[in-house]
Amino acid sequence: MASSSVFLVMVSGQIESAEFPEFDEIYLRYNLHYGQDWLVTSGLEEGISQVAKKSQDDRQQIVWNFPIDVTFKSTNPHGWPQLVVHCYGSDFWGTEVSRGYGVCHIPITPGKHKLKIPMFVPESSSLLQKFTSWFLSRRPEYVDARVIARGEGREVTRVRSQGFVNISFNVIMKDMKKLGYDVLPSDVSTVNVPENVGTTATEA
Amino acid sequence: MTSNARRKRKDERLVQSEDEEEGISNPSMEGDLPEMTGTDSSPEMEAAEADALVKTLKTKRRKKKKELADEVISPKDDLARQLKEAKRKSQQKIEDAEREEMEESAPMSVVADDGTLPMPEEEERESVLEEAEGEEVRRLRKKKEETEETLIEGPPGEEEETPPPREEEEPPAKPPSPVPKEPSDEMPSKSLSIKEKMRMRMEKAKEEALSEVKEEEKESRKERRLQRDKKQTTRFDETKPYIGSPHASFEIDENELDRITEEKRLQRLERRKKMPAKGREGFQMPTAEEAFDFFTREWKDEEKEEVEEGVEKAETEKAEKKEGEEAAEQEGAPKPDKPEDEQPLITQDDEMVSDLPTMMCAAYTPDINEQIKKEGEIYFVPSAAEIPATQKVGADFEVRRLEDEGFYVGKRPSAGSRNQNRMEHRLLKEIEKGRESSRAWFGEDGSLLALPDPLRSLPSRPPMPEEVEPVLKLDYKKAVIREFDSRYIDGTTEGIGHYQLDVDLNQVFFTHHHLYSKEHALAQKLTSLYEQYVIRERKNMTAYLGEKLKALKNSALHLQDHIAAHKSEYNLTDRSNYDRRLQDYRAEIIQTRQQRDREEKTDRTLLRHILATWKAIKKERELQTFTNTPVKLQIRKEDGNKVEDERVWKQEVLAEIEELRDEHEREYRRNMLTYEEEMKRYQNQIQAKAEAQKRVDKRRKKIGSKQSIRSGAEDDEQHEKDLELLSEADLTPPDEPSHFDDATVRESVEKKARENRRRPGEPKLHLELSNTATITPTQNCNLDEQRRRADVSKCMIFVKILFNNKEVSRTNMKPLSQDFKVSYGQIYSMKIVQWPESIAFQVHESIGLGSTLVAELCAPIPDTSVTSVSVQLEDLEFSSDRKEKLNRAAVGSGMPFTYGSDNSQLEILMTTGILTYSVAWAVDEHGQALVPPALVNANTMFTHMKKMDPLAAIGAAGVMDLKKLADWFASSHLDPNDPSNADIVYLLRGKGGDTSHLTPAEYFRLEQLMVEFDFVTQQELEENKRFRLIQLRDEEVQEFKNYKMVPAHEREVPRDVFTEYERKKREEQRLKSEGDHDIETQRMAVKRYRQKIRDQVMRRFRRQAHMKNWEDMVKEDMVPNIALLGTSLMKVFARRTPLKPQRKKQKKVVAQSIKGDEVRIIVNISRAQNVPVRLSAAMQAGAESNESGNALWRSGAVTSRQDTRPLEQRFYDDYKHITMVRPFVEVMFQHHCIRTSVGDGSNPSFNEELEVPFRAPFDDYSPGNLQTVPDAVFLNIFDEVVVDIQEDDRERGRMVHQRIEKKWLGSLKIPFTTIYFNGKIDGTFRVNAPPVLLGYVYEGLSHGPDDIGINKDLKTLLGLFISIQPPLTQPEPVKERFSTNEDEATMVQADQWKEQISSRFTPKRELKTFVTDVNFKSVFITRYFRPINPPDEFTGKGPELVARYVSLIPFVPDAAIFPGLCDIWNTCDQFLAMLSGDEEEHAILLVNYFLHMGIKAWLICGNAIPEGPTAYVLTEEANVHYIWNPSSGERFRTNDATCPLRSIGCIVNNENIWANIQPYDKPDQMMYSLTETSCWEPLFNNSRRNPGLQSIQPERLYYLQTDKDFVTELQEKIQHVLKNKVMDWRSRYITRWNRHCSQIMRKTLPLLEESLGKSVDQDHIKELEASFSSYKVSGFPINMPFTEVDPIVETVYATGVHGHESNEIEFALAVYVHPYPNSVLSVWVYVASLMKNR
């Protein structure tokens, strides 16, 4: 056993667009959060996009089309990678403030996936704080954006939802099945041949 | 048809002439010319007519043309294109034929003016005309063609220009007109001459016409807009005839028509010029054509308007166009025959064409900056400039203006011309690039193809779609009934079966009602009595029983006779058998007779009651004077035969008496027997009693008189018996059975008979009740009755039908009839889906508003056999207990009332009634009963309950409770053998499998499938390495906390993963189980204790670490106070680049973002002071006095970093050992060594920054882990000694052969945690130098050779700055307030005090009020103090010794033992038990010792270097204050500058806490008089009293004497280990040990210990020196508290003593362990290297 058995998860896709009804000129950063058994073999773990403005039509979309292309190597599905997206934009005073945090798991089945992840921001702990944060344009932020990929300590925070981010993933996996993890639904993995196909053939 | 054709022709002509008049299409002149000649040659009249016509129709034509254009725009386009092609081909031919054709056209047109010509001619002419016109144009084109290549669509105004080119399309028309060629040959010359004339005329005409047209247009402009709509409708009417006309040859395309109309218009203009004169002439009489038109055109008026409009439109649509036109006309006017007159316009177009590209170029000029240039490569910015039409249409095609040609093009949707132009540019670009192959985007006229403007002129409200937003849309969904149990018959609501119950409600009849009148009540009573009577009559029980009696009597008699007769014949059994039978008969006779009597009596009473009631009714009727009820009792009397009756009567009585007598006799006989028996018994008893009495009396006498005791045992016995007898109850004498009393019996029988039977002679009564009485009409009744009756009819009754307690239907409200009946007679069908559980009826009564429930009654659920076919009506009685008060004539209900006038008899009647109904299963059309199948074989109501699961029966909770389930099981009588119940039976059976008693198992399992969900067994889980690894990682065991990539298979788990961990575990295990032989038992106990505490704390901490608070999660600015707000506001106005920038705090790096390997510890070594100098140098200096001293000075001054001296000089110096010392500092951390360059002299300046990499264990840079890092930074000062090892003197001067040695001079150890917690360490530190440093001396003391010893005031100092790069976040202090046993008030006080003081000072001063003890309780700090006895050996010795003892207890920072920065304070006994602790434990112990020794002592909370926040000890001796460092045992005066304590926050002792409120907190700047309230603020004072806090310290400590043997053993062991280690370290060389030297050193060590490691015995040094004068000796003793052997080895290794790479060197090693009580050991190691002086 020279090389340990691993499986690979290849994720490509893009953070396509966002809907932030109240805000404009937003850029985003993404991080990947994954467990200890995971390793990024290629691709960027973090990224920062361009600043995008709203479209001028009814959809009011903020489009980035920011590509993600990363390959993971892992031995255990535990700690499946999560994509943490956090958006920033400049506020009234021109300072950059957080506009939303969102997280989603990399889809666990191969194929094309389109996700719409809701975004939220931590709320100030008090009204006074809220005012000062607005006044000084220092919105509360997470100490580390990756905390939203974990459950620990979330109970102390209060958040407000801000918008949505649309993400598309294309996931390819290798050797999952070899390690005994079957992520495909049965009707995909096993070809379902109608029963009468064989019989008619033989009859004929 | 003809008219149409004619008209058209005329149009053509007119247009033609118009064109000519305007002088725009010059070629047409030639066409005109023949026409003109035509007018000349033809009669004047005709010309005048034509002129007139022109005048009238001029406007019409224009209009028509316009309409035409509008109409045919689209088909025309296609056609036009084809035509163009065809035209081009035939062009050659045309040119040939041109001339001739022109000639031809002239006569034709003349004829054309005449609209009345016969048709065949017309046709011909028409074609000729067309031909001619075509030719003209062609000619023009030909001329033009030369310039056409560059011709671009003219300005919009040049409408008139466009038609000529389009004329080319005519050629197709040519083929049909070959005929005209012939006449053309005839007159070429003629036409030419005429032409000239014409031109002249036209010039004039045109000018006039133009002005006229203009005027006209202006007038009609307003009208036009209004009439636009009208126009559109007529347009269709108009054009159709043209197209559909058979005359109009199909070859003539619409374009041609357009052109013709255009020409006509020109003609018209021309004509108009002449009109003033000619027109009047011809005005009186309309021409034939006019007349024709007049009659054939209904739309004349409209057309006129339209024409005007058309004209106007043509001009207003394009405002400039007109001007252009004018210009063209004006230009064209002077020389109308020249086609060249268009030239200026064409050139103008050319200019525009050339203009555009240049403009584009300008936009792309590259002299703008790079960005734009780059962008330009990518971007295409379409210009907004107009593109000439030719370019758009393409070079091969010509631009046409359909509009001008008279086609209707529709109104284009409005689009900004700029936008349109841009789009065109874009498209052109595409075409250019070849991406767009065709020019399909552009129309013939060069503009973008467009559909007509779809917009309406009038705003209108569009129909709003009914549909709402799909998101908001509400879908209607039928209400769904949820199936929650199986109460439905078929399980679901939409069952398959149809089941129906039919409820027939026939009638409700009240047998009593509160509105009953008295008569009613009576009548009702009578009716019911009568009913009874009828029943009884029918049954005739009396007669029946009489017969029976008779028969019985007979058979009894018979039997008796039989017995008597055959008495002898029968044996005993038979006889008794017969007797019994006889007896039975007799009993039955008696019984029957009694029955008969009873029946008779009832009959009779009934009869009497009926009669009484009837009498009462009659009386009542009489009384109230009206009849209320129809009841009528008819009594028929049947007179009986009195004699016969009498006889029968008597006979019966007699017979009865006889019977009774017989009976009595039998009875008597039987009674007599028993009587005699009893009598006998009675008499016996009396007798016995009398005897007994006698005996008793006798005995009493005997006893009384003689008093002798003669009585024996028998006597006693007898006596007893007698007494017993006497005490027995007396039997009552039995009654003697009476004899048959004939008289009384007869009397009673007769009486009975009188009562019960019809008396003899009494007539038999036959009753008949009929409802025949006439009820008195209402008006005849009295008022009360009237009202009552009204009330009755007001009373409404209805019945609700309830199915399963739900109302399913109700009857109509029906009024109560006067006889208190309500008939419904209605069948209510219920389609049911649920199992029928109950069917109930509710009878409601309603008087006026509202209704009251009279009664509720239940009907049984019909049997399956009961169908609506077979069902019978049934009666259900009901009653109500509702009280209804009587009112007027009514009796009420539940109220007492009386009948008639007599008040004797009170009656209370409740409302009662009868409901007649039937319930049955319905039958469908096939006669199939609609009965649920399950009900068919069901026999009880509980069938469905059985079928249901227990859930419905006892609820979900019941199912979970097995007990309940079992109860239900029992109560529902489930068949345990029924397979459908197998589940429940199995569940209830429990483990035993015993079905007999179905009791639940006696345990409850919360998750029954727990075992099934275990994915592996527990054992497997433990054995599997992979699982274990994962588990340990999850538990955050340090070794595995950050284990990456746990393999997917067990076999891939590295084999050695657990070795380390298991070793540790084993050690712990061993620690727990049994002792290690290395250490004595006490130490082991210490370790165990420490482990225990540690585990406890760790557990606690781990729990804490996973609890996050807001600050951990969210970064948020603190709410600023006013000051902060102010400063932040100031920031806005602050300078961007201030002149004096202030230091900004470095940003802390979050642990997560550290990847590792970039963390470094930066050690900046500025300088060292007082580095000891080499002894030889010092001695030399001393011996050679100034000279060499100067040299030293010089050398020190010359270089600090690099030896820049010339080699010669240096060599010389080295050789001569002139150099005092060449120190350098080596920084060692985590086995990384970095050194500075060599300094020079005893006060070198290094100023070097060294970087040591830092790696956190397990790559975990979280604060939790970092604070447990045990590593320390070692700073060692060495002296670099260069040893000349030149063997051969001859080479000296040419070769250098040296060896560099380093001699250890001292070291400084700074734990990593100290750096980590403080962030940076800055200051001058005392280097721990050994007390004796062989071969070295402090320079300051090198006055004389004697003074080799080290002055304690003189220590080597090292200036340092240490920090970590990047700064790591520090752990959050555990904020949790632990539970406490302290008094609440004291705590509050202390908190307030602390808050108040700490707010006064920035930076905050160290204030401690509560500390955490080992049990995680908050304890008041003063409780830690109490005088505690030091070990007995120390009594009477100085405080230094005590301090030394304390300092020898190993120092271990709390963070290392208890990670998590919870500073735990141990009590002194715990401290000594653990034998380790940090500053505060040491300090407390020291303070307590001092207190015991009577020294005033306090604990100082403050900051020191390098420890940071720490605890020191303050003592006062003779008004002098000293500060003690408890960890080192050193004492400083308060004004000592080298004191490591930097600030004092507060001082504490067992009484109080004093906070430092002085402006300064440096020890040397402070006042120490505690009574000074301005300097020290105590916690407890007069206002805040000390509540008398008890110390938690033990009263005294017990010290264990250290085992001496162990100490010597340890000593040996250490020495052995060290020797081996040294040899190991220098394995390349031979290590020799100098025993002699070792001996001497060993002797020295105890002395050193005695002097507490400070002063040195001079003699010893001398001895050593004396012994080894031939050696160069360098060595030192090292002292340390004993913890383990390894640290000792490490320390020795760190000194680098072994590092002499030479075989010649010898070593000396001595180890001494000094025992102090309680296993506190002081270890001394003396190492030295000796080298022979050469």
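Residues numbered from 1 in each chain as written. Chains lettered and ligands numbered in written order. Predicted model: local features only at pLDDT ≥ 70, side-chain atom pairs only at ≥ 80, totals over all residues. Heavy atoms only, no water.

Draft legend 1. Looking closely at a nonpolar patch on the surface. Residues Phe92, Trp93, Phe131, Trp134 and Phe135 of chain A together with Leu1129, Val1132 and Phe1133 of chain B make up a contiguous nonpolar surface patch of about 990 Å² in total accessible area. Taken together, the elements giving at least two residues each to the nonpolar patch come down to α1 (127-135) of chain A together with α36 (1122-1133) of chain B. You can see phenylalanine 135 of chain A is positioned in helix α1. (Patch = residues over 30% accessible without salt bridge, like charges linked within 9 Å, V, L, I, M, F, W, Y side chains within 5 Å. Areas by Shrake-Rupley, 256 points an atom, 1.4 Å probe, with all protein chains shown as cover. Salt bridge = Lys/Arg side-chain N within 4 Å of Asp/Glu carboxyl O. Helix = DSSP H or I, 4+ residues; strand = E, 2+ residues; numbered from the N terminus.)

Draft legend 2. Spotlight on the nonpolar core. All names here are of chain B. By size, the foremost hydrophobic cluster in this structure holds 72 residues, and its most contacted members are Ile1165, Phe1254, Leu1275, Leu1360 and Ile1614. With six residues, strand β20 (residues 1272-1284) is the largest single contributor of residues to this core. In this structure, Trp1393, Val1411, Leu1486 and Val1720 belong to the second largest nonpolar core, which totals 56 residues. (Core = buried A, V, L, I, M, F, W, Y, C linked by side-chain atoms within 4.5 Å. Buried < 20%, exposed > 50% of the residue type's maximum accessible area, 1.4 Å probe, protein only.)

Draft legend 3. The pattern of salt bridges, seen in detail. Residues and elements named next belong to chain B. Considering all chains together, one arrives at 29 salt bridges over all chains under this definition. Close ionic contact of glutamate 807 with arginine 810 constitutes a salt bridge, the shortest N to O distance being 2.9 Å. The partly exposed category is assigned to glutamate 807, whose relative accessible area is 39%. The closest approach of N and O atoms between glutamate 1280 and arginine 1222, which form a salt bridge, is 3.1 Å.

Draft legend 4. Representation of the environment of tyrosine 499 of chain B in the model. Residues and elements named next belong to chain B. Looking at the secondary structure, you find tyrosine 499 in strand β1 (residues 499-512). For tyrosine 499, a relative accessible area of 7% gives the class buried. Between the C-alpha atom of tyrosine 499 and that of methionine 830, which follows or precedes it by 331 residues, the distance is 8.2 Å.

Draft legend 5. View of the packing of helix α19 (residues 541-565) of chain B against helix α20 (residues 572-624) of chain B. Residue and element names in this part refer to chain B. Two elements in contact, α19 and α20, have axes whose closest approach is 9 Å; the angle formed by their N-to-C orientations is 160 degrees. It follows from the interaxial angle that α19 and α20 lie roughly antiparallel. Crossing hand, α19 versus α20: left-handed. When the residues that make up the contact of α19 with α20 are grouped by side-chain class, the tally is eleven nonpolar, seven polar and eleven charged. (Axes fitted to C-alpha atoms, helices over the stretch in contact; angles between N-to-C directions. Parallel < 35°, antiparallel > 145°, perpendicular 65-115°, else oblique. Left-handed = near helix turned anticlockwise from the far one by under 90°. Nonpolar A, V, L, I, M, F, W, Y, C, P; charged D, E, K, R; others polar.)

Draft legend 6. Structural detail: the sheet that holds strand β29 (residues 1508-1517) of chain B. All names here are of chain B. Taking strand neighbours across the sheet as the criterion, the seven strands line up as β31-β30-β29-β28-β32-β33-β34 in an open arrangement whose pairing is antiparallel. Edge positions in the open sheet fall to β31 (1530-1533) and β34 (1576-1578), since each of these has one partner strand only. Ignoring which end each strand starts from, the neighbouring axes of this sheet average 35 degrees apart. Strand direction decides the pairing type here: strand β30 (residues 1520-1525) and β31, joined by four bridges, are antiparallel. Its bridge partner lying in β31, tryptophan 1524 is registered against arginine 1531. Sheet contacts for helix α41 (residues 1384-1398): β33 (1553-1556) and β34; angle to β34, the most-contacted strand, approximately 160 degrees. Together, β28 (1496-1504), β29 and β30 form the strand contacts of helix α45 (residues 1479-1492), whose direction differs from that of β29 by roughly 10 degrees. (Pairing = 2+ DSSP bridges. Contact = heavy atoms within 4.5 Å.)

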